[in-house]
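Structure assessment
So you can see what is in the structure, the chains are spelled out below.
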Amino acid sequence: MTQEFEDLYDPESYSSKSRFLELELCKIRRQLDSIKGNEYSDRVLDEYQRCLFLLFNNMEAKILASIESNEPLGYYLAEFSFITSSIQFLEDSVFNILPYETVYCLRKALRDWVEEDLIIVTSLNKTDNYAFNPKLSYRMDDFFTTVKSDFGVEFTSRLLQISLPKQDVTDYFFSVVLYHELAHFIDYEKEITEGIMEMKFPELEGRERQKKLNHYREHFADLFSAQYIHQAFIYYLDLRAANDGENFTHPATYDRIEVVNAFLEEEDNEILGHIQVAVENVTKQKLSIRHELIEEKYQDFYDYLPPVIENDAQLHGLFIAGWDIWLNHKEKFPEKNPTKIYAYLNNLIEKSISNYMVTSKWNANVSEQDGN
């Protein structure tokens, strides 16, 4: 940095702070302009976006008024970050790209554990990674209270953010990973594995404690997903990480499979036992089988017909059926080209979910009308 530039730039000066704030306002205004006119599959997102624009407009007015009158400038990093992160997930939650059938299944699972009607949104990435992003999903009571008191904006819903590969939006084999990612939200929300650390490992500290916590978080997410999709996530895990040993963030794949199998086969396992006790203490529920196997409907797949799903347990069972047919019954298709069979299975699962969504909504409307 030259002396001339140092003389010009003073990070503590009012002028520098005001210009940085103005620059940030311009950047976020451009981001907000990019989502104007978006149409969302969930009307609650329209209200969320309205509140987001209102928050920004009120912030902008307050900041510019302060600059105009040379009043002290506040720090708005939390608010800026909140708006920017919200925009990212809103961009990928419009009608034409949202994996709505998958989100519908996840919402069914979420409502088994959380009464609040959170909005599941997705961000599409260019990697092979699936991830839960906790940034906007944590309870931020102090933040939302501040937003309401300082800017007069009240957000009535939280976003639950899940990131998935863009190329896997309609892949019903690999999207089983999203049940695992949903479990991480449940864990963070309910502090289930934190409870295990306090109950079973109070002596652990620092890096050793964090490693143990990380491992229990993964075991919990594996078990949570097994409730809904049996071994389907384990199939994915065995495909992607069959020989992975334990590290700081994850247990060894072999150990993860062993714990899930103990759950599915109702066998004793120390880690499973710890998690079951913690889940029951916190949620007053137990991890239990919440899916229904649908082997009797497999012939529909072979006849290229979307199976008719009768309940939520069978809905989750569709993901199990896709993996089971691919691994064990693929030869029963008249078609022998694997690429075409893969496409047929994905399309039939999607259509089956879509039909169930329409039927469920129709039945709900009929029941409501009958009640009136």
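Here's what I pulled together on the structure shown here. Nothing here was measured: the structure is a model prediction, and the numbers come from that model.

Turning our eyes to something else, we now look at the pattern of salt bridges. Applying the stated criterion across every chain yields a total of 14 salt bridges. A salt bridge links arginine 50 to glutamate 47, with the shortest nitrogen-to-oxygen separation between them at 2.8 Å. With arginine 50 and glutamate 47 both in helix H3 (residues 43-68), this residue pair falls three residues apart, about one helical turn. Here arginine 50 falls in the partly exposed class, since its relative accessible area comes to 46%. Owing to a relative accessible area of 32%, glutamate 47 belongs among the partly exposed residues under this scheme. Notably, a salt bridge pairs arginine 217 with glutamate 194, separated by 3.6 Å at the nearest N-O pair. Residue arginine 217 is found in helix H9 (residues 206-229), and its partner glutamate 194 is found in helix H8 (residues 192-200); the two are separated by 23 residues along the sequence. By relative accessible area, arginine 217 is classed as buried at 13%. Overall, glutamate 194 belongs to the partly exposed group, its relative accessible area being 25%. Linked by salt bridges that have partners in common, Glu116, Arg158 and Glu189 make up one network.

Here the focus is the packing of aromatic side chains. Scanning the model with the defined rule gives 28 aromatic pairs in all. Between phenylalanine 82 and phenylalanine 144, the ring centres sit 5.8 Å apart and the planes meet at 85°, which makes this aromatic pair edge-to-face. Residue phenylalanine 82 is located in helix H4 (residues 77-91), and its partner phenylalanine 144 is located in helix H6 (residues 141-151); the two are separated by 62 residues in the primary sequence. Accessibility expressed as a relative area gives 3% for phenylalanine 82, which makes it buried. Exposure remark for phenylalanine 144: the relative accessible area of 15% places this residue in the buried category. Among the aromatic side chains, those forming a connected cluster through ring pairs are Tyr130, Phe173, Phe174, Phe233, Tyr235, Tyr236, Trp323, Trp326 and Tyr342. In this structure, arginine 207 is placed above the aromatic ring of phenylalanine 248, and the distance from its NZ or CZ to the ring centre is 3.9 Å. For lysine 330, the ring lying beneath its charged end belongs to tryptophan 326, and the centroid distance is 4.9 Å.

Estimates place the volume of the largest pocket at around 570 Å³. Listed by contribution, the elements that provide at least two residues to the lining of the largest pocket are helix H5 (100-111) and helix H15 (338-371). Considered as a void within the structure, the second largest pocket measures approximately 390 Å³ in volume. Around the second largest pocket, the lining comprises 20 residues; the ones closest to its centre are Phe233, Tyr236, Leu237, His250 and Arg256. Of all the elements in the fold, those that place two or more residues in the lining of the second largest pocket are helix H7 (177-190), helix H10 (232-241) and helix H11 (253-264).

Here we take up the sheet that holds strand S3 (residues 159-165). If you trace the three strands from one edge of the open sheet to the other, you get S1-S3-S2, paired in mixed fashion. At either end of the open sheet lies a strand with only one pairing partner, and these are strand S1 (119-125) and strand S2 (131-133). On average, each strand axis in the sheet is tilted by 30° relative to the strand beside it, whichever way the strands run. In terms of strand pairing, S2 meets S3 through three bridges, oriented antiparallel. When the bridges of S3 are listed, phenylalanine 132 appears paired with isoleucine 162.

Moving on to unusual backbone geometry. Here the phi dihedral of asparagine 70 falls at roughly 60°; this positive angle occurs in a residue that is not glycine. With respect to the helices and strands, asparagine 70 occurs in the loop between H3 and H4. Even without a glycine there, the phi angle at tyrosine 304 is positive, about 65°. One can find tyrosine 304 in the loop between helix H13 (298-302) and helix H14 (312-329).

The rules behind each value
- Residues numbered from 1 in each chain as written.
- Predicted model: local features only at pLDDT ≥ 70, side-chain atom pairs only at ≥ 80, totals over all residues.
- Heavy atoms only, no water.
- Salt bridge = Lys/Arg side-chain N within 4 Å of Asp/Glu carboxyl O.
- Helix = DSSP H or I, 4+ residues; strand = E, 2+ residues; numbered from the N terminus.
- Buried < 20%, exposed > 50% of the residue type's maximum accessible area, 1.4 Å probe, protein only.
- Phe/Tyr/Trp six-rings, centres within 6.5 Å; stacked < 30°, edge-to-face > 60°.
- Lys NZ or Arg CZ within 6 Å of the ring centre and 35° of its normal.
- 1 Å grid on protein atoms, 1.4 Å probe; cavity = no way out; pocket = protein on both sides within 12 Å on 5 of 7 lines; lining within 4 Å.
- Points joined across faces, edges and corners; volume = space filled by probe spheres on them.
- Pairing = 2+ DSSP bridges.
- Axes fitted to C-alpha atoms, helices over the stretch in contact; angles between N-to-C directions.

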